[in-house]
Amino acid sequence: TKVEKEVAETNQNASMHKNAKSAKDEEKLKKWTTDFNHFTSKEKKVILADSLANLYTRLFEFDSAAKYFEQQVFLISTETNKLKAALGLYQAFKVSMNPIDRKKIGLKALAYIDEILATRSNWVDLKVKKAVIKVYTETPPMGGINMLKEIIAENPNHIEARLTLGEFMLTVKKVEKAIEQFEAVVTVESDNEKALLYLIDCYQSTQNMAKAIQYLNKLESLNIQDSYIKSVIEKKRKELN
């Protein structure tokens, strides 16, 4: 459908949006990588791995960031380092465009998440991430979907849970149910760019142009400087007016 095509395009452009490396960033990456490979002290290597992971995260290079977050666990296995690895891998999982790689990364993240949840079973944000991974790595995905529904029932304002459930509803062509989730997101977080983009597409696909324009106006009023968002606003303005 048109909405699925545009949603996929939105996700792809967003995931591929990276900050250009400055000469200073390149210099830091080269030096820190050399030092990381050279040092033998676990403590020093962990510090360097953390610096590399955070810099790669800032540059939106999540695969490389995840590699160095995991290195911290391999060097010194603490709950904090496991959490960093889980979240780093989860970020890489979310933006991966290759289904095989995505599943592999997701399952690695899930292993760390399960380990943490074993002693912190009520950690809602981690449970949401577990559900998200299950949705995209299991066939059929109902285990993850049911987890998300349970989480939303107990935590109706959880943004990530609702966004993921809405995205899934789009993949199974239940646009009205997807709209329900995205509407709930903007009720809680009125400037959520992702939910606004989805709502514009969803309402456009159902021929409710008034609603699509309403959310387009809202998105435009946020004065977002990102070039991709600006291009989407311009494109939609032409299509809807």
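Here's what I pulled together on the structure shown here.

**Considering the overall build of the chain**
- When helices and strands are counted, the chain shows 13 helices and 0 strands.
- When the elements of the chain are put in sequence order from the N terminus, they spell out α-α-α-α-α-α-α-α-α-α-α-α-α.
- Over its C-alpha atoms the chain spans a radius of gyration of 20 Å, differing by no more than 12% from the 18 Å that the globule rule assigns to 241 residues.
- Seen along its three principal axes, the alpha-carbon backbone of the chain occupies a region of about 65 × 45 × 30 Å.
- For the chain, the proportion of its 241 residues judged to be buried stands at 45%.
- Counting contacts in the chain only where the partners sit at least 6 residues apart, residues at least 24 apart contribute 52% of the total.
- Surface exposure of the chain reaches about 12800 Å², of which carbon and sulfur atoms provide 53%.

**Description of the packing of helix α11 (residues 193–205) against helix α13 (residues 227–240)**
- Close contact between α11 and α13 brings their axes to 12 Å; oriented N to C, the two are set at 20°. The orientation of α11 relative to α13 falls into the category roughly parallel. The two elements α11 and α13 meet at a crossing, and its hand is left-handed. Contacts from E193, L197, I200, D201 and Q204 of α11 reach α13 at I229, V232, K236, E239 and L240.
- Here the contact of α11 with α13 is composed, by residue class, of 5 nonpolar, 1 polar and 4 charged.

**Some remarks on unusual backbone geometry**
- The linkage connecting T139 with the following residue, P140, adopts the cis geometry, with an omega of -5°.
- Its place among the elements puts P140 in the loop between α7 (124–137) and α8 (142–154).
- Residue Q207 is not a glycine yet carries a positive backbone phi of 65°.

**Observations regarding the side chain of E61**
- For E61, the position within the fold is in the loop between α3 (42–58) and α4 (62–75).
- Judged by its relative accessible area of 16%, E61 is buried.
- One polar contact links E61 to K21, side chain to side chain, over a distance of 2.6 Å.

**A short note on α7**
- With 14 residues, α7 extends 20 Å from end C-alpha to end C-alpha; this agrees with the ideal 20 Å at 1.5 Å per step.
- Those residues of α7 not exposed but buried are L126, V128, K129, A131, V132, I133, K134, V135 and T137.
- On its buried side, α7 packs onto α5 (79–95), α6 (99–117), α8 and α9 (159–171).

Reading guide: rules and limits
Residues numbered from 1 in each chain as written. Predicted model: local features only at pLDDT ≥ 70, side-chain atom pairs only at ≥ 80, totals over all residues. Heavy atoms only, no water. Helix = DSSP H or I, 4+ residues; strand = E, 2+ residues; numbered from the N terminus. Rg over C-alpha atoms; globule rule 2.2 N^0.38 Å. Buried < 20%, exposed > 50% of the residue type's maximum accessible area, 1.4 Å probe, protein only. Contact = heavy atoms within 4.5 Å. Areas by Shrake-Rupley, 256 points an atom, 1.4 Å probe, with all protein chains shown as cover. Axes fitted to C-alpha atoms, helices over the stretch in contact; angles between N-to-C directions. Parallel < 35°, antiparallel > 145°, perpendicular 65-115°, else oblique. Left-handed = near helix turned anticlockwise from the far one by under 90°. Nonpolar A, V, L, I, M, F, W, Y, C, P; charged D, E, K, R; others polar. Polar contact = N/O pair within 3.5 Å; in protein donor to acceptor, adjacent residues only side chain to side chain. Expected span 1.5 Å × (residues − 1).

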